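# Tertiary structure, described
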Amino acid sequence: MRNKKTKKLAFLGLCTAVTLILAYVEALLPPLWAAVPGIKMGLPNIMLLFLLYRFSVKEAAAVSLVRLFAVALLFGNIMTLAYSFAGAVLSLAVMNLLKRIDRFSMVAVSIMGGIFHNLGQVLVAILVLETAEIGYYMIVLTVTGTIAGILIGLAGYLVLKYLKQKEI
Amino acid sequence: MRKRLRNDILLIGGVLLIAAAFALIFFLTRKEGAYAAVMKNGTEIARYALSAEGEYPITDGETVTNLLVIRGGKAEIAEATCPDQICVNHRAVSKAGETIVCLPQEVVIKIVAETKNAPDMVV
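None of the values given here were measured: they were computed from a predicted structure.

Residues and elements named next belong to chain A. Among the surface-exposed residues, Y24, L28, L73, L74 and F75 lie close enough to one another that they form a single nonpolar patch of about 610 Å² accessible area. Contributions of two or more residues to the nonpolar patch are made by α1 (2–28) and α3 (57–74). Mapped onto the fold, L74 is located in helix α3. A residue is classified by how much of its surface remains accessible, and L74, at 59% relative accessible area, is exposed.

This is the structure in structure tokens:
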């Protein structure tokens, strides 16, 4: 029993490291479309999606939280933390809700997670900069979020498929 | 499985439809902009006519943080002191409601159409 708990803790630590690496790799990539800022693949979401399905929202939230603070400490500041926190919380909440409804595929859950991640960040930007017009970015970000969400959803599905048999 | 696919398409289709509706409203209601308003922390600190070509430095106290350039009726950020340069890479804007956001400096360039109570230049 105790051994199993330790094993899981170690595995979640490993997952946190993977999300950090994915976030770092994503930061190294050139912007996909420089004319419209904020478009990202959302690579770390592969791990969150996997954790959400393999374990539960608790494990995904824990890994996400550690990742947020680690990224803020390593590469960012308190402002970037506010943006990523809002995006992550909203995204995970929506993904968990849709998964629990159990009527949608993993790809759809991933797409909605991507869109709501964007929405959380845009909402913070509107509040911080007190400019409602920023909301128009959501039009473009919804389309790009859908495309990214499909790819991330498929990747997450494959990770889940190959790690499902492994006992953790 | 087939039912799931149908649900997926309904959900994502619905979301994209909402986005399309907003896009339609945005494109139908937008007008040519008359001014580029410089907002810092939500308050307008300067306003320049898009017809007046020129380079306008945006300062943070004494240091220049961004350089606003108005050329050919469009506004763009030509230089910025931030590391990410997102606002510099942003395309030039000219339609009312369009924005260029510089998150690190908390500067927003907002294109406005109305001419009421708008002085030519506020510095």
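Another aspect to go through is the domain arrangement of chain B. Partitioning chain B into structural domains gives domain 1 (1–30) and domain 2 (35–122). The gap between the C-alpha centroids of domain 1 of chain B and domain 2 of chain B is 33 Å.

This part covers the interface of chain A and chain B. Tallying the contact residues gives 26 residues for chain A and 26 residues for chain B. Carbon and sulfur atoms supply 70% of the area buried between chain A and chain B, which totals about 2400 Å² over both sides. Seen at the junction of chain A and chain B, the total is 2 salt bridges. The closest approach of N and O atoms between E133(A) and K110(B), which form a salt bridge, is 3.7 Å. There are 6 residue pairs in polar contact (both at pLDDT 80 or more) connecting chain A and chain B. Breaking the side of chain A that touches chain B down by element, the ones donating at least two residues are α4 (78–101), α5 (106–129) and α6 (137–164) of chain A. By residue number, the principal contributor to the side of chain A that touches chain B is α5(A), which donates 6 residues. For the side of chain A that touches chain B, the per-class residue count stands at 18 nonpolar, 4 polar and 4 charged.

In this structure, F50(A), L51(A) and I134(A) are the most contacted members of the largest nonpolar core, which totals 47 residues. The leading source of residues in this core is α5(A), at 10 residues. With sequence-adjacent residues up to four places away left out, F50(A) is seen in contact with F11(A), C15(A), V159(A), L160(A) and L163(A). Core analysis: the next-biggest nonpolar cluster, separate from the first, contains 20 residues, A36(B), L68(B), I70(B) and I109(B) among them.

Going through the model one piece at a time under the given rule, you end up with 5 aromatic pairs over all chains. A ring pair is formed by F11(A) and F50(A), whose centres lie 6.2 Å apart and whose planes are at 70 degrees; its orientation type is edge-to-face. Taken together, the residues span a long stretch of sequence, with F11(A) in helix α1 and F50(A) in helix α2 (residues 45–54) at a distance of 39 residues. For the residue pair F11(A) and F50(A), the accessibility class agrees, reading buried in each case. Both rings, one in Y48(B) and one in Y56(B), keep their centres 3.9 Å apart while their planes meet at 15 degrees; by these two values the pair is stacked.

Time to look at the pattern of salt bridges. All chains considered together, the criterion is met by 7 salt bridges over all chains. K8(A) serves as the salt-bridge partner of E59(A), at 2.5 Å between the closest nitrogen and oxygen. Residue E59(A) is located in helix α3, and its partner K8(A) is located in helix α1; the two are separated by 51 residues in the primary sequence. For E59(A), a relative accessible area of 9% puts it in the buried group. Between E44(B) and R47(B) there is a salt bridge whose closest N-O contact spans 2.7 Å. On the basis of relative accessible area, E44(B) is assigned to the partly exposed category, the value being 38%.

Residue and element names in this part refer to chain A. Running from amino to carboxyl end, α1 crosses α2 at an angle of 155 degrees, the nearest separation of the two axes being 8 Å. When the axes of α1 and α2 are compared, the pair comes out roughly antiparallel. On α2, the residues that touch F11, L12, C15, V18, T19 and L22 of α1 are M47, F50 and L51. For the contact of α1 with α2, the class distribution of residues is 8 nonpolar, 1 polar and no charged.

All right, on to the confidence of the model for chain B then. Predicted confidence across chain B gives a mean pLDDT of 86, with 91% of residues reaching 70 or more. Per-element mean pLDDT across chain B ranges from 56 in strand β8 (residues 121–122) of chain B up to 92 in strand β5 (residues 74–80) of chain B.

What counts, and at which threshold
- Residues numbered from 1 in each chain as written.
- Chains lettered and ligands numbered in written order.
- Predicted model: local features only at pLDDT ≥ 70, side-chain atom pairs only at ≥ 80, totals over all residues.
- Heavy atoms only, no water.
- Patch = residues over 30% accessible without salt bridge, like charges linked within 9 Å, V, L, I, M, F, W, Y side chains within 5 Å.
- Areas by Shrake-Rupley, 256 points an atom, 1.4 Å probe, with all protein chains shown as cover.
- Salt bridge = Lys/Arg side-chain N within 4 Å of Asp/Glu carboxyl O.
- Helix = DSSP H or I, 4+ residues; strand = E, 2+ residues; numbered from the N terminus.
- Buried < 20%, exposed > 50% of the residue type's maximum accessible area, 1.4 Å probe, protein only.
- Domains from an automatic or database assignment.
- Contact = heavy atoms within 4.5 Å.
- Buried area = accessible area lost by both parts, 1.4 Å probe.
- Polar contact = N/O pair within 3.5 Å; in protein donor to acceptor, adjacent residues only side chain to side chain.
- Nonpolar A, V, L, I, M, F, W, Y, C, P; charged D, E, K, R; others polar.
- Core = buried A, V, L, I, M, F, W, Y, C linked by side-chain atoms within 4.5 Å.
- Phe/Tyr/Trp six-rings, centres within 6.5 Å; stacked < 30°, edge-to-face > 60°.
- Axes fitted to C-alpha atoms, helices over the stretch in contact; angles between N-to-C directions.
- Parallel < 35°, antiparallel > 145°, perpendicular 65-115°, else oblique.
- pLDDT = per-residue confidence, 0-100.

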